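Below are the chains, spelled out letter by letter.
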Amino acid sequence: MMNLVARLSLKDDISSPMRSISARIGRMTSSVTSATKAIGAQANQLSGLKTQIAGVAGAYLGATGAVKAFNSTIGAAAQYQQSEVAVKAIFNDEQASNAYLKLVDKMAIDSPLLNSTDMLASSKTLVAMTKNVDDLGKAWSIIERLMVLDPSQGTAGAAFALN
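All figures in this text were calculated on a predicted structure; none of them were measured in a lab.

**Q** Give a description of the pattern of salt bridges that names residues and reports values.
**A** Throughout the structure, instances matching the rule amount to 2 salt bridges. Put simply, Glu 84 and Lys 88 hold a salt bridge, and the shortest N to O gap is 3.4 Å. Residue Glu 84 and its partner Lys 88 are located together in helix α1 (residues 15-91), separated by 4 residues, close to a single helical turn. One salt bridge in this structure joins Asp 110 and Lys 106, with 2.7 Å as the shortest N-O distance. Taken as a pair, Asp 110 and Lys 106 lie in helix α2 (residues 94-110) at a separation of 4 residues, close to a single helical turn. When sorted by exposure, Asp 110 lands in the same class as Lys 106, which is exposed.

Given below as structure tokens:
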């Protein structure tokens, strides 16, 4: 009997080049992944910058609104007090200055055009002309009529025109 042995021999010319190609594809994939992450980080930084700019703009608008609110409330009250002190100093008579301040308050309440803050601010020139409260009341009636004729001038412009 005879024993036959078969030998099969294959030459593998493809495995090594395929491993090399696979390794290159892996490195390329890693590079593409790194580039994608870098682009994503840049996009996140730009998004953060956009958020910061929006935050700064919001803070600016908030501060501007606070200044306007302060000026229209506390600032107006401070201006009123300052004008009141100046009028009392110009009168140099407690009774007459109190009568005049009551007149100003009453006219400001009754008039759709006049307000006490603007009236007191403009009173400095009127009180310098006369300290008679009745004459000052008539002057304010004239100023109110002047304001109807030219509302763009405001209280100060009408008081200046009368002066």
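**Q** How would you sum up the packing of aromatic side chains? Please name residues and give values.
**A** Summed over the entire model, instances satisfying the criterion amount to 1 aromatic pair. Both rings, one in Phe 91 and one in Tyr 100, keep their centres 5.5 Å apart while their planes meet at 40 degrees; by these two values the pair is tilted. According to the relative accessible area criterion, Tyr 100 is buried, its value standing at 0%.

Basis of the calculations
- Residues numbered from 1 in each chain as written.
- Predicted model: local features only at pLDDT ≥ 70, side-chain atom pairs only at ≥ 80, totals over all residues.
- Heavy atoms only, no water.
- Salt bridge = Lys/Arg side-chain N within 4 Å of Asp/Glu carboxyl O.
- Helix = DSSP H or I, 4+ residues; strand = E, 2+ residues; numbered from the N terminus.
- Buried < 20%, exposed > 50% of the residue type's maximum accessible area, 1.4 Å probe, protein only.
- Phe/Tyr/Trp six-rings, centres within 6.5 Å; stacked < 30°, edge-to-face > 60°.

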